[in-house]
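Observations on the model geometry
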Amino acid sequence: MDIEKIRQGNRRALAKAITLVESKLDSDRVKAQAVLEQALPYSGNSIRIGITGIPGVGKSTFIETFGLYLIAQGKKVAVLAVDPSSPLAGGSILGDKTRMEELSRNEAAFIRPSPSEGALGGVAQKTRETMLLCETAGYDVILVETVGVGQSEYEVAGMVDFFMVLMLPNAGDELQGIKKGIMELADALVVNKADGESLNLASQTKRHYSNAMTLLRHSSFWTPQVLTCSAQENNNIDAIWGMISDYYIDANKNNDFQKKRTNQNQEWMNKLLFEMLELKLKQNPEVKRQMPELHKKVTQGEVTPYNAAKTLIDLL
Ligand SMILES: Nc1nc2c(ncn2[C@@H]2O[C@H](COP(=O)(O)OP(=O)(O)OP(=O)(O)O)[C@@H](O)[C@H]2O)c(=O)[nH]1
Ligand SMILES: [Mg+2]
């Protein structure tokens, strides 16, 4: 694998490296890790932005408009997706490239649909690694899209610098199916579709969430913002980039930017470690052999659950 070609912005080389990273073969995994270690010194120079929201809120439309705006500012933009709902290759998010037609045709944009379900670390692992490759290829802004249902929002929040939740303009709609936990992770709530007849409603919704947000715990140097925009009419998109730029400046003041990434990496490493441990345990032939027997003994009250677990773990 030619890291130089990736660095020069060769799209084919980048796509090839991503395919390697996404491969399910154990032999490819080893190769992929070698490529990633070569890429590491050149990665990290981007701002990573997570975008979530319920189906239909306008994520794809927003990414099209926002991505084109960033490109007009001279940025190179990569769009990745974490879509746990679609185990089929290709995923469903970003499948609708029609909503990102102009962006997908732009030379300064790189759009990659969600990988199919991965082994260790799942889809999130592959997206993290793809992100590093995109950075090596010189993409300045990485947009990671996920649909706001399930667990993937938490995974995306854990891999980006700035996490944004798109909302619909109808206040009172009990947080619009967005869990409170997600609100706590959000660096910004953006009420999309603030246009036409929804303009007033969007302002009301903004006030509603501004109030709601002040009640939430936020363990960060940054005070989450609530904004409105229209992805369709290209309104207030510049304000959103302005906010993220402010965040970047704030985050760099006390080295919080790097600290956040370091924490994310360490947490991820620990998560992988436990996953690997579990896998090793499950694959151990002696564990496999003794497990059913021990289950039975626990059921029959002959062995305590503690001792049964200890017996198995001691086999490793
Ligand atoms: N009025 C208005 N409509 C919008 C805006 N943004 C998106 N839409 C419309 O809302 C619908 C859904 O937009 P998408 O961008 O596909 O939404 P999404 O969040 O990507 O949806 P999923 O991919 O299904 O999760 C489309 O019909 C868009 O044209 C906006 O700013 N204003
Ligand atoms: Mg979409």
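In this text, all values refer to a predicted model and were calculated from it rather than measured experimentally.

Calculation rules
- Residues numbered from 1 in each chain as written.
- Chains lettered and ligands numbered in written order.
- Predicted model: local features only at pLDDT ≥ 70, side-chain atom pairs only at ≥ 80, totals over all residues.
- Heavy atoms only, no water.
- Domains from an automatic or database assignment.
- Contact = heavy atoms within 4.5 Å.
- Buried area = accessible area lost by both parts, 1.4 Å probe.
- Polar contact = N/O pair within 3.5 Å; in protein donor to acceptor, adjacent residues only side chain to side chain.
- Helix = DSSP H or I, 4+ residues; strand = E, 2+ residues; numbered from the N terminus.
- Nonpolar A, V, L, I, M, F, W, Y, C, P; charged D, E, K, R; others polar.
- Core = buried A, V, L, I, M, F, W, Y, C linked by side-chain atoms within 4.5 Å.
- Buried < 20%, exposed > 50% of the residue type's maximum accessible area, 1.4 Å probe, protein only.
- Near = heavy atom within 4 Å.
- Areas by Shrake-Rupley, 256 points an atom, 1.4 Å probe, with all protein chains shown as cover.
- Pairing = 2+ DSSP bridges.
- Axes fitted to C-alpha atoms, helices over the stretch in contact; angles between N-to-C directions.
- Phe/Tyr/Trp six-rings, centres within 6.5 Å; stacked < 30°, edge-to-face > 60°.
- Lys NZ or Arg CZ within 6 Å of the ring centre and 35° of its normal.
- Salt bridge = Lys/Arg side-chain N within 4 Å of Asp/Glu carboxyl O.

Domain boundaries assigned for the chain yield domain 1 (44–254) and domain 2 (268–313). Every contact between the two is made by seven residues of domain 1 and, on the other side, six residues of domain 2. In total, domain 1 and domain 2 occlude about 530 Å² of area from one another, counting both sides; carbon and sulfur atoms represent 66% of this. When the area that domain 1 buries against domain 2 is broken down by residue, the three leading residues are Leu120, Gly121 and Arg128, summing to 73%. For the pair domain 1 and domain 2, the number of links is one residue pair in polar contact (both at pLDDT 80 or more). By residue number, the principal contributor to the side of domain 1 that touches domain 2 is helix α6 (residues 122–136), which donates three residues. Of the residues in the side of domain 1 that touches domain 2, the class split is three nonpolar, two polar and two charged.

This paragraph deals with the nonpolar core. Formed by 46 residues in total, the largest nonpolar core has its most connected members in Leu14, Leu133, Cys134, Tyr139, Ile142, Val144 and Leu189. Those residues in contact with valine 144 that lie beyond four places of it in its chain are Ile49, Gly50, Ile51, Leu80, Val82, Thr127, Met131, Val156, Met159 and Val160. Counting 39 residues, the second largest nonpolar core, distinct from the first, contains Ile51, Phe66, Leu103 and Ala251.

What follows is about the site of ligand 1. By nearness alone, 15 residues border ligand 1, and Lys59, Ser60, Thr61, Arg99 and Asp195 come closest of all. The separation between an oxygen atom of ligand 1 and a polar side-chain atom of threonine 61 is 2.6 Å. Within the backbone of glutamine 232, one N or O atom sits 3.0 Å away from an oxygen atom of ligand 1. Across the complex, the protein chains shield 75% of the 650 Å² of accessible surface that ligand 1 would expose by itself. Grouping the amino acids of the shell around ligand 1 by side-chain chemistry returns four nonpolar, seven polar and four charged.

A few words on the sheet that holds strand β2 (residues 77–82). Pairing is parallel across the open sheet formed by seven strands, whose spatial order is β3-β2-β4-β1-β5-β6-β7. Lying at the two open borders of the sheet, with one neighbouring strand each, are β3 (109–111) and β7 (225–228). Looking at each pair of strands side by side, their axes are set apart by 20° on average, direction ignored. Relative to strand β6 (residues 188–191), strand β5 (residues 162–167) runs parallel, the two being bridged by four bridges. Within the sheet, the bridge partner assigned to methionine 164 lies in β6 and is alanine 188. Strands in contact with helix α4 (residues 59–72) are β1 (47–52), β2, β3, β4 (141–146) and β5; relative to β4, the strand with the most contacts, it is inclined by about 175°.

On to the environment of valine 21, then. Within the fold, valine 21 resides in helix α2 (residues 11–22). For valine 21, a relative accessible area of 2% corresponds to the buried category. As for valine 21 and valine 141, which are separated by 120 residues in sequence, their C-alpha atoms are 20 Å apart.

Once that is clear, we can look at the packing of aromatic side chains. The description of two aromatic rings rests on the distance between their centres and on the angle between their planes. Counting across every chain of the model gives eight aromatic pairs. Ring centres of phenylalanine 221 and tyrosine 247 lie 5.5 Å apart, and the angle between their planes is 40°; on these two criteria the pair is classed as tilted. With phenylalanine 221 in the loop between α9 (199–214) and β7 and tyrosine 247 in helix α10 (residues 237–253), the pair connects residues that are 26 residues apart, well separated along the chain. Take phenylalanine 221: its relative accessible area is 31%, and that puts it in the partly exposed class. Given a relative accessible area of 1%, tyrosine 247 falls into the buried group. Ring pairs connect the aromatic residues Phe162, Phe221, Trp222 and Tyr247, which therefore count as one cluster. Sitting over the ring of tyrosine 42, arginine 7 keeps its end group 3.8 Å from the ring centre.

A few words now on the pattern of salt bridges. When their charged atoms lie close together, side chains carrying opposite charge are able to pair. Counted under the stated rule, the structure contains 14 salt bridges. The closest approach of N and O atoms between aspartate 161 and arginine 261, which form a salt bridge, is 2.8 Å. Separated by 100 residues along the polypeptide, aspartate 161 in the loop between α7 (152–157) and β5 and arginine 261 in helix α11 (residues 256–283) bring together distant segments of the chain. Note on accessibility: aspartate 161 and arginine 261 belong to one class, buried.

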